[in-house]
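So you can see what is in the structure, the chains are spelled out below.
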Amino acid sequence: MPRIRRALTELQYVGNFGPPAADFPTARFFSSSKLDYVAMNDPASPPSLVPRLLGSEDPPPFTVVNPDGQFPLVLVCDHASNAVPAALKQLGLGLGELTRHIAWDIGAAGVTRRLAARLDAPAVLCGYSRLVIDCNRPPGDPTSIAELSDGTFVPGNRALDDAAVEARVNEVFWPYHQAITQMLAQHWRHGHGRAPALIAIHSFTPTMNGFRRPWHLGVLWNRDSRLAGPLLGRFRVDPELCVGDNEPYSGREVGFTMDTHGGAAGLPHVEVEIRQDLLIDEAGRERWAAILGGVLAAVLRDETLYEVKHY
Ligand SMILES: [Zn+2]
């Protein structure tokens, strides 16, 4: 019975972020999903299918901010949180490690929430640490559940069996990505013919492997330059800003969320990375939300962006 009670709790959670009832596919989808959960609680089910990771005291796998935002844009933050389900016992790490950049993108959630308000767009934030499962990697990739991150071994990620891995995929990774799909679909359907844009907000550590990264922010893209091109152009007008084009990472190598929800669907998309030392306090997050929000608002005024194009 505890599992059934949890399913009802999560339905209430889902019901809190959107219009209730029949014309809201998100609610229907999650209802169906949670019925599966209940069904899987059947003792006859194989043990590996029984949900066992998230407890009633754990945070939800995602949060949607400003779900009714009117702008044809969905913001996402893959690495918003450093939370770890209680059952994973901090992955065997100290709190010091869990507050480092290896666990999350420091400051990114604060910038994302502010952008959602500034641009009147919904934002989907992942609820768990990238060390639980990295939602910007395909499941199965060696970096999906990292055993080693920037010199730190993660004891709770060692030698996991398939059931442990699948629990993280099914209870964290997919709910988050399904929420992104649902928000994009909702905006697409109600967008008066405009295909929504998708923007991911990340932050990066100032020093990696002894290299001091000079960029204040980076614009990451793969094949679709519709947003990246104008963003880079506008940022480069400011001589004070050091802007990376596919730095400190390349959108051609890392970009599961962008490629899956943006590229594959033909939606205009881009990933923005901001250096973490610029986001360590409220003033910094406010400042960078203002800088980024101003440039994004100008770029997103171009009505020709909002159409499906494949590259
Ligand atoms: Zn990130």
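The structure presented is a predicted model; accordingly, all values stated were derived computationally and were not measured. (Residues numbered from 1 in each chain as written. Predicted model: local features only at pLDDT ≥ 70, side-chain atom pairs only at ≥ 80, totals over all residues.)

S.K.: Any chance you could break down the overall build of the protein for me, citing the residues and the numbers?
M.R.: For the protein, the count of helices and strands is eight helices and eleven strands. Per-residue burial over the protein gives 43% buried out of 311 residues. Restricting the contact set of the protein to residue pairs at least 6 apart, pairs at least 24 apart contribute 80%. (Helix = DSSP H or I, 4+ residues; strand = E, 2+ residues; numbered from the N terminus. Buried ≥ 20, exposed ≤ 12 C-beta atoms within 10 Å, placed from the backbone. Contact = placed C-beta atoms within 7 Å.)

S.K.: Pulling in residues and values, what's your account of helix α8 (residues 282–299)?
M.R.: The terminal C-alpha atoms of α8 lie 25 Å apart, and with 18 residues this matches the ideal 26 Å at 1.5 Å per residue to within 8%. Within α8, the full set of buried residues consists of R285, W288, A289, L292, V295, L296 and V299. For α8, the buried positions fall inside an angular range of 145° around the axis, keeping them on one side. Counted as exposed and oriented over 90 degrees from the buried face of α8: E282, A283, G294 and A298. The elements touched by buried residues of α8 are α4 (108–119), α6 (228–236) and β11 (269–275). (Expected span 1.5 Å × (residues − 1). Arc of directions from axis to C-beta.)

S.K.: Would you mind going over the pairing of strand β6 (residues 197–204) in detail, with residue names and values included?
M.R.: Most of β6 sits out of view: eight of its eight residues are buried. Side chains A197, I199, I201 and S203 project from β6 onto one buried face, and the interleaved L198, A200, H202 and F204 project onto a second face that is buried too. Here strand β2 (residues 73–77) runs beside β6; their pairing, made up of four bridges, is parallel. Along β6, the bridge assignment pairs V74 with L198. The pairing of β6 with β11 spans seven bridges and is classified as parallel. By the bridge assignment, H202 is partnered in β11 with E273. (Pairing = 2+ DSSP bridges.)

S.K.: Any details on the sheet that holds strand β10 (residues 243–245)? Residues and values, ideally.
M.R.: Read from one edge to the other, the open sheet built from seven strands follows the order β1-β3-β2-β6-β11-β9-β10, with strand pairing classed as mixed. Bordering the open sheet on either side are β1 (62–65) and β10, each of which pairs with just one other strand. Within the sheet, the average angular offset between the axes of one strand and its neighbour, ignoring direction, is 20°. As judged from the three bridges shared by β2 and strand β3 (residues 123–126), these two strands associate in the parallel manner. Its bridge partner lying in β3, V76 is registered against V124. (Axes fitted to C-alpha atoms, helices over the stretch in contact; angles between N-to-C directions.)

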